[in-house]
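Here's the letter readout for the chains.
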Amino acid sequence: MEPYLTITEVAKHTGLSAYTLRYYERIGLISSVARATGGQRRYAASDMDWLDFLLRLRGTGMPIQGMQAFARLRSEGNATAGARREMLEAHRSTVLAQVRVLQQSEKVLQAKIAHYRQIEHSLSQDSPLVKGTPHDPKSI
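Quick caveat: nothing in here was measured; it's all calculated off a predicted structure.

A description of the overall build of the protein should follow, citing residues and the corresponding values.
Looking only at helices and strands, one finds six helices and two strands in the protein. From first element to last, N terminus to C terminus, the protein shows the α and β order α-α-β-β-α-α-α-α. Accessible area for the protein stands at about 10200 Å²; split by element, carbon and sulfur atoms hold 56% of it.

Have a look at this one:
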């Protein structure tokens, strides 16, 4: 028999609140979760795999509407594999563009950090030239 997780355990595992998990189910991101005899949700390993994938999509900035569209296609089965692949390829292109922007920003930050290290090094040398130099307000 497959072990099931309660909504509290899933919330702890995913970092999502129980409210968010119920909301995801209500809006169709998560298909109906199995229930215990008392009506409590019981999440299977396959539910956890799907949630982990949804969290990846969310973490890469896919809007809820995009995730819903993907979930609808998924629920239609293998006939929609091409459409799902196309969606993921388009999203990956967006993610890669964001990565490039972040890499460029990181290079600017790296250069600025090196600049401040150089200033700190100069100040630690107690250089008379640096000590008496007025602060340049244009230097960020």
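Moving on from the coordinates now.
Give me the lowdown on the packing of aromatic side chains, citing residues and values where you can.
The tally for this structure, following the rule as stated, stands at four aromatic pairs. Between Phe53 and Phe70 the ring centres are 5.6 Å apart and the planes differ by 45°, which places this aromatic pair in the tilted class. Of the two residues, Phe53 is situated in helix α3 (residues 45-59) and Phe70 in helix α4 (residues 64-75); the sequence distance between them amounts to 17 residues. Judged by relative accessible area, which is 30%, Phe53 ranks as partly exposed.

For the side chain of Asp47, give the residues involved together with the corresponding values.
Note on placement: Asp47 falls in helix α3. For the buried Asp47, which has no salt bridge, the nearest side chain bearing the opposite charge is Arg74, at an N-O separation of 6.8 Å. From its side chain, Asp47 meets the backbone nitrogen of Ala44 in a polar contact 2.8 Å long. Dropping the residues within four chain positions of it, Asp47 is found in contact with Val33 and Arg42.

Hey, could you go over a nonpolar patch on the surface for me, with residue numbers and the actual values?
Together, Tyr116, Ile119, Leu123 and Ile140 give the surface a local cluster of nonpolar side chains, amounting to about 380 Å² of exposed area. Within the element layout of this structure, Ile119 appears in helix α5 (residues 81-124).

Could you give an account of the pattern of salt bridges, with specific residues and numbers?
One pass over the full model with this rule turns up four salt bridges. A salt bridge links Arg41 to Glu25; the shortest N-O distance between them is 2.6 Å. One end of the pair, Arg41, is in strand β2 (residues 41-42); the other, Glu25, is in helix α2 (residues 18-26), and 16 residues separate them in sequence. Note that Glu86 is salt-bridged to Arg85, the shortest N-O span being 4.0 Å. Via salt bridges that share partners, Glu25, Arg35 and Arg41 belong to a single interconnected network.

Requested: an account of the packing of α4 against α5, with residues and values cited.
Remark: α4 packs on α5, axes separated minimally by 9 Å, with the N-to-C direction vectors making an angle of 160°. If you check the angle between α4 and α5, you find them roughly antiparallel. When the axes of α4 and α5 are compared, the crossing they make is left-handed. Within the contact between the two elements, α4 uses Gly66, Ala69, Phe70, Leu73 and Arg74 and α5 uses Ala83, Arg84, Met87 and Leu88. When grouped by side-chain class, the residues that make up the contact of α4 with α5 number six nonpolar, one polar and two charged.

The rules we used
- Residues numbered from 1 in each chain as written.
- Predicted model: local features only at pLDDT ≥ 70, side-chain atom pairs only at ≥ 80, totals over all residues.
- Heavy atoms only, no water.
- Helix = DSSP H or I, 4+ residues; strand = E, 2+ residues; numbered from the N terminus.
- Areas by Shrake-Rupley, 256 points an atom, 1.4 Å probe, with all protein chains shown as cover.
- Phe/Tyr/Trp six-rings, centres within 6.5 Å; stacked < 30°, edge-to-face > 60°.
- Buried < 20%, exposed > 50% of the residue type's maximum accessible area, 1.4 Å probe, protein only.
- Lys, Arg positive; Asp, Glu negative; His and termini not counted.
- Salt bridge = Lys/Arg side-chain N within 4 Å of Asp/Glu carboxyl O.
- Polar contact = N/O pair within 3.5 Å; in protein donor to acceptor, adjacent residues only side chain to side chain.
- Contact = heavy atoms within 4.5 Å.
- Patch = residues over 30% accessible without salt bridge, like charges linked within 9 Å, V, L, I, M, F, W, Y side chains within 5 Å.
- Axes fitted to C-alpha atoms, helices over the stretch in contact; angles between N-to-C directions.
- Parallel < 35°, antiparallel > 145°, perpendicular 65-115°, else oblique.
- Left-handed = near helix turned anticlockwise from the far one by under 90°.
- Nonpolar A, V, L, I, M, F, W, Y, C, P; charged D, E, K, R; others polar.

In short, shape yes, function no, at least from these values alone.
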